[in-house]
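Per-entry structural report
Chain by chain, the residues:
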Amino acid sequence: MLEGYSITPDVFAGKTAAHIAALPAHEGKIHVTLGDFFEVSGNGGETATDTDIVIAGDCTRVKYIGSKMTSGTVTVNGNADMYVGGWMRGGKIHVKGNIDSFCGIQMEGGEILVDGDAKNHVGCAYRGDWRGMKGGTIRIKGSAGNDIGTFMLGGTIIIEKDAFIHVSTHAEGGTVIIKGDVEGRVGGQMVKGEMYVLGKIKFMMPGYQKVETVEKEVDGVKAKFDHYIGDLGERHPKSKGQVVYANLYLKAAA
Amino acid sequence: MASGEIIVKGGFVVDPIRKIDGDIGDVAIKDGKIVDKVSSSAKVIDAKGKVVMAGAVDVHAHVAGPKVNVGRLFRPEDKFLSGAFRSGMAQKNGYRMESGFSIPSTFKTGYDYARMGYAFVMEAAMPPIYSPHVHEEIHDTPIIDEAALPVFGNNWFVMDYLKKGEIENTAAYIAWLIKATKGYGVKVVNPGGTAAWGWGLNCLTLDDPVPYFETTPREIITGLIKANEYLGLPHSMHIHQNNLGNPGNYQLTIDSLKLAEGIKPKNKFGREQVMHSTHLQFHSYGGTGWGDFESKAKEVMDYVNKNKAITVDTGNVTLDETTTMTADGPFEHHLQGLNHLKWCNVDVEMETAAGVVPYVYDPNIKVCDIQWAIGLELALYAKDMNRIFITTDHPNAGPFTRYPRVMKWLMSKKAREDVLNSFKHKDKVIAATNLHQLDRELTLFEIAQMTRSGPAKCLGLGSIYGGLAPGMSADVAVFDLNFKNMPSNPDMIEKAFQRAACFIKSGEVVVKDGEVVSNGHKKTVWVNVKMPENLQVKRDITQSFTKDYTVDITNYPVRDYLAPHPYIIDVDVEA
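Residues numbered from 1 in each chain as written. Chains lettered and ligands numbered in written order. Predicted model: local features only at pLDDT ≥ 70, side-chain atom pairs only at ≥ 80, totals over all residues.

**Some points on the overall build of chain A**
Short version of the rule: Under the scheme used here, helices are H or I runs from DSSP no shorter than 4 residues and strands are E runs no shorter than 2 residues, and both carry numbers assigned from the N terminus. Put simply, the radius of gyration uses C-alpha atoms, and a globule should come to 2.2 Å times the residue count raised to 0.38. Any residue with 12 or fewer other C-beta atoms within 10 Å of its own C-beta is exposed, any with 20 or more is buried, and the rest are partly exposed; the C-beta atoms used are placed from the backbone. Once C-beta atoms have been placed from the backbone, residue pairs whose C-beta atoms lie within 7 Å are recorded as contacts.
When helices and strands are counted, chain A shows two helices and 20 strands. For chain A, the C-alpha radius of gyration of 19 Å lies close to 18 Å, the compact-globule estimate for 254 residues. Dimensions of chain A along its principal axes, counting C-alpha atoms only, are 60 × 35 × 30 Å. Put simply, chain A has 254 residues, and 46% of those count as buried. Restricting the contact set of chain A to residue pairs at least 6 apart, pairs at least 24 apart contribute 32%.

Written as structure tokens, this is what we have:
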């Protein structure tokens with residue numbers, strides 16, 4: 001298991017292939033270099049913005065790819081491990097395979113695109129923290145596990161297939177769109193923010209109340225949605241005398 | 001304790017107990033004690049051009065025990081504030097991994113205190129039934145000497161005896177409990193209020209009744225001061241007052257301080273106060289709400305300055321993200337209602353309770369800035385610097401690692417103005433406080449009083465810690481500050497106090513050039529009160545353990561192996 005925290009355009013910028021190969025990494029508590037695991041060709045750009053990183057091999061056991069990056073691009077032509085794009089502030093990451101957990105946690109900007117599936121904790125807060133994803137976009141073309149957008153404050157997460165449990169728990173902003181089905185626990189203790197589910201929710205949270213049916217377009221899909229507000233068991237702020245709830249839009253039965 | 005001889009040569013010695021203020025001199029050490037002179041073969045530490053002080057004494061910090069551990073467990077994110085989360089030192093020198101910022105690991109706690117030249121730290125609130133855990137954690141905290149104050153202010157026995165006015169029985173119970181928990185003195189947290197919290201209530205004035213016990217905070221405070229003096233303990237009653245942290249609480253604070261009037265200190269340890277009022281910053285608030293929230297530091301200090309029977313510590317807000325934790329259960333619930341962050345509440349049987357909530361003292365929020373100013377004003381209004389001590393109520397108002405920053409603010413008007421000028425609501429903060437008008441800059445001598453001679457005397461440890469007189473513990477800190485030519489950049493003061501150039505603890509060099517070079521030999525200090533047997537109290541305790549407690553009385557006391565390096569202070573109470 002390699003801690004690949006150096007694999008970001010910000011770190012690679014201004015470095016030659018030899019310098020990049022000498023960058024630090026950890027395998028457990030053992031100090032290693034990127035060159036111990038990767039053949040590096042080509043040099044970094046002058047700044048992060050002109051740096052594009054392409055990883056050809058399998059990164060199933062490489063963590064922190066693109067974490068904390070502010071600009072530039074990273075492309076992984078295979079799978080990646082945990083913390084892809086964690087704390088990311090800008091730029092673009094494209095993983096062509098599957099990814100493990102904690103992708104885009106506490107990210108503030110930029111874009112993450114995953115062609116395959118994601119495991120748990122997509123775009124959520126770090127364990128214990130109450131300041132989740134603030135901005136940017138995460139798009140998972142496959143399905144995702146549990147704890148999506150926990151403590152989310154802003155930005156957008158799109159899961160194109162199914163998700164398991166715990167969506168937008170404790171969220172106070174941001175948008176989560178799930179195009180497939182969800183097992184349950186959608187929007188628990190959610191204060192503010194939007195959720196769209198285009199498939200079915202197997203078990204609804206009891207703290208959500210249906211208020212209307214509306215037509216909406218979301219991520220290129222136009223449909224009728226049942227509009228729920230919640231979580232009614234949680235505190236909610238007021239704006240212009242009106243209580244602000246979290247909104248859940250669940251695709252209406254045809 | 002290390003054997004061998006050391007001489008710290010040629011530094012500017014600042015030692016209030018001997019009234020030495022920057023004279024160039026040597027400090028001689030032999031067998032863990034300060035001595036008059038050593039032989040020519042003594043190891044020489046060159047302190048030329050540097051300040052030499054005794055090891056510092058922290059009168060109030062939460063560094064060990066269940067609520068600290070709750071904080072550690074429920075704030076994994078705190079480690080991101082500790083800087084590099086792999087310690088360079090741990091890997092290079094073979095010392096322990098360090099982690100955490102507001103709730104550092106035990107190892108980081110010991111190392112960080114030592115790096116700042118601290119020799120003794122008082123754990124400020126020990127829940128009696130969890131005292132074995134407190135002692136285990138104290139033992140796992142390297143280098144520094146520590147003691148712990150068991151909490152009494154909401155204890156069922158205490159309230160039962162005091163409602164009947166039974167000072168002697170209260171004293172007998174205190175004597176038993178301090179011995180059983182290997183504790184140090186009498187801590188009181190929100191007297192009556194934490195017990196009322198068991199009914200979802202609080203005590204916000206001195207005369208609010210405590211449900212079921214039919215006593216009041218006033219009776220508890222007065223009774224515990226009297227019981228403390230009846231026993232003649234080294235430390236006085238140590239109180240966290242009622243109605244902490246609420247606008248307009250300063251009047252209650254002054255009223256509570258007045259309860260110390262007319263009671264004479266009675267002890268053989270050189271202590272002159274009968275009440276230590278802790279983290280006074282949280283109790284010096286004016287205003288009717290957060291909108292007109294203002295400083296009443298001057299009003300509170302005007303009273304403290306007049307009454308010699310009181311010592312205080314500041315509880316400075318350091319404008320950091322931190323973790324609040326206190327036996328004031330209702331306060332933590334109130335705080336969680338304000339900031340909506342995670343909250344943990346613990347009820348401790350017949351003894352106390354606790355709450356933990358993270359808190360961000362955000363410099364962009366007016367109230368936090370006013371709190372920051374109040375803490376500094378308290379020290380700047382003080383007349384006797386031997387009766388006011390620097391604390392942050394670690395970690396409640398900020399981590400103890402910010403003490404050097406507090407010293408910088410107290411020593412430099414420029415440093416304070418720089419912070420004031422950085423505030424978004426600068427004008428409102430200036431209008432609600434007096435800090436901007438205060439030109440006073442504390443001297444190194446006054447800082448040494450606030451952190452060395454003062455707190456040591458207040459704890460009744462003035463003959464052991466906080467000074468450099470022959471016979472005292474050889475705790476000597478050398479700081480890279482030129483007494484005759486202090487740096488014009490106040491940040492250099494903070495830097496010097498953050499990382500001592502050298503720190504000798506119990507006669508052993510434990511810090512060199514700001515880095516830990518030894519795990520030292522820590523001691524646990526506790527008070528052994530010997531009092532003639534009181535049959536009624538003995539029977540009450542036995543009955544209560546049979547009837548109410550979850551543990552048997554034989555399993556309750558702290559076993560000797562949990563405090564394997566004790567320093568025991570004997571107190572003989574005459575019949």
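**What about the domain arrangement of chain B?**
All names here are of chain B. Put simply, the rule reads: Residue ranges for the domains originate in an automatic or database domain assignment. Under the grouping applied here, Gly and all other residues not named as nonpolar or charged are polar, the nonpolar ones being Ala, Val, Leu, Ile, Met, Phe, Trp, Tyr, Cys and Pro and the charged ones Asp, Glu, Lys and Arg.
Here chain B is described as being made up of domain 1 (5–54 + 472–516) and domain 2 (56–458). Each of domain 1 and domain 2 has a C-alpha centre, and these two points are 29 Å apart. Counting residues at the interface gives 26 residues for domain 1, matched by 23 residues for domain 2. Considering each element in turn, the side of domain 1 that touches domain 2 owes the most residues, four residues, to helix α17 (residues 491–498). Class assignment of the residues belonging to the side of domain 1 that touches domain 2 gives a composition of 17 nonpolar, three polar and six charged.

**Considerations on the nonpolar core**
Condition: Any set of buried Ala, Val, Leu, Ile, Met, Phe, Trp, Tyr and Cys residues joined through C-beta atoms within 7 Å is what this text calls a nonpolar core.
One finds Val52(B), Ala114(B), Ile174(B), Leu410(B), Val476(B), Val478(B) and Phe479(B) to be the most contacted residues of the largest nonpolar core, which totals 176 residues. Ranked by residue count, the leading element in this core is helix α12 (residues 366–381) of chain B, at 10 residues. Two domains each provide a minimum of three residues to this core, namely domain 1 (5–54 + 472–516) and domain 2 (56–458) of chain B. Beyond its immediate chain neighbours, meaning those up to four positions away, Val52(B) contacts Val8(B), Gly11(B), Phe12(B), Val13(B), Val27(B), Ala47(B), Val476(B) and Val478(B). Ranked by size, the runner-up nonpolar core spans 69 residues in total, among them Val11(A), Val84(A), Val122(A) and Ile148(A).

**A word on the sheet that holds strand β14 (residues 310–313) of chain B**
Residue and element names in this part refer to chain B. Rule in force here: Paired strands are those between which DSSP finds at least two bridges. The angle between two axes is taken between their N-to-C directions and runs from 0 to 180 degrees, where each axis is a line fitted to C-alpha atoms and a helix contributes only its stretch in contact.
Judged by pairing direction, the sheet is parallel, and its five strands sit side by side in the order β9-β10-β11-β14-β18 without closing on themselves. The outermost strands of the open sheet, each flanked by one partner alone, are β9 (187–189) and β18 (388–389). As paired strands, strand β11 (residues 275–277) and β14 are joined by three bridges and run parallel to one another. Its bridge partner being in β14, Met-275 is matched across the sheet by Ile-310. Across the sheet, helix α8 (residues 217–231) lies against β9, β10 (237–240) and β11, angled at about 155 degrees from β10, the strand it touches most.

**What to know about the interface of chain A and chain B**
On the chain B side, the residues contacting the six residues of chain A number seven residues. Within the side of chain A that touches chain B, the residues separate by chemical class into two nonpolar, one polar and three charged.

**Points about the environment of Met237(B)**
All names here are of chain B. With respect to the helices and strands, the residue Met-237 is situated in strand β10. It is 6.4 Å that separates the C-alpha atoms of Met-237 and Val-274, two residues lying 37 residues apart in sequence. In this view, Met-237 contacts Val-186, Val-188, Leu-224, Ile-225, Asn-228, Val-274 and Met-275; residues no more than four positions away in its chain are not counted.

**Section: the pairing of strand β15 (residues 321–326) of chain B**
All names here are of chain B. The element β15 is largely enclosed, with a buried count of five among its six residues. Pairing between β15 and strand β17 (residues 352–360): six bridges, direction antiparallel. Residue pairing for β17: Thr-323 is matched across the bridge by Pro-358.

**Some remarks on the sheet that holds strand β5 (residues 62–63) of chain A**
Consider a sheet: its strands pair through backbone hydrogen bonds, and that pairing is either parallel or antiparallel. All names here are of chain A. Read from one edge to the other, the open sheet built from four strands follows the order β3-β2-β1-β5, with strand pairing classed as mixed. Strand pairing shows two members of the sheet lacking a second neighbour, β3 (30–33) and β5, which therefore form its edges. Relative to β5, strand β1 (residues 2–3) runs parallel, the two sharing two bridges. Opposite Leu-2, over in β5, you have Val-62 as the bridge partner.

**A word on the packing of helix α6 (residues 167–180) of chain B against α8(B)**
All names here are of chain B. Under the convention used in this document: Under this scheme an angle from 65 to 115 degrees is roughly perpendicular, one under 35 degrees roughly parallel, and one over 145 degrees roughly antiparallel; angles in between are oblique. Handedness of a crossing is defined here by the sense of rotation of the near helix relative to the far one, left-handed for an anticlockwise turn of less than a right angle and right-handed for a clockwise turn.
Direction vectors running N to C along α6 and α8 enclose 70 degrees, while the axes themselves pass 9 Å from each other. Relative to α8, the element α6 lies roughly perpendicular. In this structure, α6 crosses over α8, and the sense of that crossing is right-handed. On the side of α6, the interface is formed by Ile-167, Glu-168, Thr-170, Ala-171, Ile-174 and Ala-175, while α8 contributes Gly-223, Lys-226, Ala-227, Tyr-230 and Leu-231. Counted by class, the contact of α6 with α8 contains seven nonpolar, two polar and two charged residues.

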